[in-house]
Amino acid sequence: YLSDDLEKIKYLLLRKNEISSSLEDERQEIWERLCDGAYFPVIRGDLLGIVKSVGRIADAATLSCETFSYLQPEIPIKIKNQLATIVRLVFFLFRPIHENVLYYLRGDDVLKVIRENVAAFLVKRAEVKVLTGNLKNQIYSSDLDHWQKSHLNDCMQSISTISSQAVETNDQIQLIMVKIVS
């Protein structure tokens, strides 16, 4: 949406729906496989928690896409550039989460890598919070009309929700790390 390529937006929304349906099928399959096992109930519960948490990130991203496409706010270029920066940072948050999940599943040197990734995640999350707060102040102190401010805030909040869900997933991973250490 921030690139103003309406044809690409339509294509990506259709693609997002296909991926979302596929993810739902995968979540269901994971759930069924976890229910079939008789051993390691704590580990299965941890895995299900991660799957659900990652699913909520995908759901928040879907909601953000829909918010932009339905509201179709007019975004001044300065605000558009800042929103694009926030979006890039929010999606950068996924890298350490992705690596943590993979390291946990592979059983590699889990603690060392997860600690490093949690630290990297927290630094990026702090950047997102600062930029989001600054942009919100800029939007509401601008001379834009009330509805435009409200729509921009709704769009920005939808991006923040993705970040919040990523924090929840990161917390889930930290909880698993504490269990491993115990």
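Below, the structure is looked at part by part.

## A closer look at the overall build of the protein
Turning to step 1, where the next piece is worked out: Tallying secondary structure elements over the protein gives 6 helices and 0 strands in all.
Turning to step 2, where the next piece is worked out: Along the protein, from the amino end to the carboxyl end, the secondary structure elements read α-α-α-α-α-α.
Turning to step 3, where the next piece is worked out: Seen along its three principal axes, the alpha-carbon backbone of the protein occupies a region of about 60 × 35 × 20 Å.
Turning to step 4, where the next piece is worked out: The burial tally for the protein puts 36% of its 182 residues in the buried class.
Turning to step 5, where the next piece is worked out: Taking all contacts inside the protein whose residues are at least 6 apart in sequence as the whole, residues at least 24 apart take part in 81%.
Turning to step 6, where the next piece is worked out: Total accessible area computed for the protein in this model is approximately 11100 Å², and 58% of it derives from carbon and sulfur atoms.

## Re the pattern of salt bridges
Turning to step 1, where the next piece is worked out: As enumerated under the stated definition, the model contains 3 salt bridges in all.
Turning to step 2, where the next piece is worked out: Notably, a salt bridge pairs Glu168 with Arg56, separated by 2.4 Å at the nearest N-O pair. Here Glu168, found in helix α6 (residues 146–181), pairs with Arg56, found in helix α2 (residues 41–71); they are 112 residues apart in sequence, far enough to count as distant.
Turning to step 3, where the next piece is worked out: Judged by relative accessible area, Glu168 falls into the partly exposed class, the value being 30%.
Turning to step 4, where the next piece is worked out: Under the relative-accessibility criterion, Arg56 is labelled partly exposed at 34%.
Turning to step 5, where the next piece is worked out: Between Glu127 and Lys124 there is a salt bridge, and its shortest N-O distance comes to 3.3 Å. Here the residue Glu127 and the residue Lys124 both occupy positions in helix α5 (residues 110–141), the gap between them amounting to 3 residues, near one helical turn.

## Considerations on helix α3 (residues 77–92)
Turning to step 1, where the next piece is worked out: Here α3 contains 16 residues, and its C-alpha end-to-end distance of 22 Å stays within 8% of the 22 Å for a straight helix at 1.5 Å per residue.
Turning to step 2, where the next piece is worked out: Of the residues making up α3, those classed as buried are Ile79, Lys80, Leu83, Ala84, Ile86, Leu89 and Val90.

## Quick word on the packing of aromatic side chains
In this description, a pair of aromatic rings is defined by centroid distance and the angle of the planes.
Turning to step 1, where the next piece is worked out: Summed over the entire model, instances satisfying the criterion amount to 0 aromatic pairs.
Turning to step 2, where the next piece is worked out: The ring of Phe92 carries the charged tip of Lys124 above its face, separated from the ring centre by 5.0 Å.

## Quick look at the packing of α3 against helix α4 (residues 94–106)
Turning to step 1, where the next piece is worked out: Here α3 crosses α4 at 10 degrees, and the two axes come no closer than 5 Å. On the basis of the axis angle, α3 is roughly parallel to α4. Along its contact with α3, which presents Val90, Phe91 and Phe92, the element α4 presents Phe94, Arg95 and Pro96.

## Considering the nonpolar core
Turning to step 1, where the next piece is worked out: Counting 31 residues, the largest nonpolar core has Ile79, Leu83 and Leu135 as its most contacted members.
Turning to step 2, where the next piece is worked out: Of all elements in the fold, only α2, α3, α4, α5 and α6 reach the threshold of two or more residues within this core.
Turning to step 3, where the next piece is worked out: Tallying contributions element by element places α6 first for this core, with 9 residues.
Turning to step 4, where the next piece is worked out: Apart from the residues lying within four places of it in its own chain, the contact partners of Leu135 are Ile79, Gln82, Leu83, Ile86 and Met156.

## Concerning the side chain of Ser69
Turning to step 1, where the next piece is worked out: If you trace the backbone, Ser69 turns up in helix α2.
Turning to step 2, where the next piece is worked out: Here Ser69 falls in the buried class, since its relative accessible area comes to 14%.
Turning to step 3, where the next piece is worked out: Polar contacts involving the side chain of Ser69 include one to the main-chain carbonyl oxygen of Glu66, which spans 3.2 Å.

## Concerning the side chain of Gln148
Turning to step 1, where the next piece is worked out: Along the chain, the position of Gln148 falls in helix α6.
Turning to step 2, where the next piece is worked out: For Gln148, a relative accessible area of 18% corresponds to the buried category.
Turning to step 3, where the next piece is worked out: In terms of polar contacts, Gln148 uses its side chain to reach the backbone carbonyl oxygen of Glu74, at 2.7 Å.
Turning to step 4, where the next piece is worked out: What Gln148 contacts, discounting residues up to four positions off in sequence, is Glu74 and Pro76.

Quick notes on the rules
Throughout, residues of each chain are indexed from 1 in the direction in which the sequence is written. Side-chain atom pairs in this predicted model are given and counted only at pLDDT of 80 or more, local residue features only at pLDDT of at least 70, and totals for whole chains, interfaces and linings cover all residues. Side-chain metrics in this entry use all non-hydrogen atoms of the structure; hydrogen atoms and water are not considered. Elements are defined by DSSP. Helices are runs of H or I of four residues or more, strands are runs of E of two residues or more, and each kind is numbered from the N terminus. Burial classification: accessible surface area is computed with a 1.4 Å probe over protein chains only, and a residue below 20% of its type maximum counts as buried, one above 50% as exposed, and the rest as partly exposed. Here, two residues are considered to be in contact whenever any of their heavy atoms come within 4.5 Å of each other. Reported accessibility uses the Shrake-Rupley method at a 1.4 Å probe radius. Residues are deemed covered only where the shown protein chains occlude them. Salt bridges are identified by distance alone: a Lys or Arg side-chain nitrogen within 4 Å of an Asp or Glu carboxyl oxygen. Given the number of residues in a helix, its expected span is that number minus one, multiplied by 1.5 Å. Working definition: a ring pair exists when centres of Phe, Tyr or Trp rings (six-membered ring for Trp) sit within 6.5 Å. Plane angles under 30 degrees give stacked, over 60 give edge-to-face, the rest tilted. Charge-over-ring placement is defined geometrically: NZ (Lys) or CZ (Arg) within 6 Å of the ring centre, and within 35 degrees of the ring normal. Axis lines are fitted through C-alpha atoms, for helices just across the contact stretch, and the angle between N-to-C directions can take any value from 0 to 180 degrees. Here is the rule for angles: anything less than 35 degrees is roughly parallel, anything more than 145 is roughly antiparallel, 65 through 115 is roughly perpendicular, and the remaining ranges are oblique. Buried Ala, Val, Leu, Ile, Met, Phe, Trp, Tyr and Cys residues form a nonpolar core when they are joined through side-chain atoms within 4.5 Å. Distance and chemistry together define a polar contact, namely a pair of N or O atoms within 3.5 Å, with one atom able to donate a hydrogen and the other to accept it when in protein, and with adjacent residues in sequence counting only for side-chain atoms on both sides.

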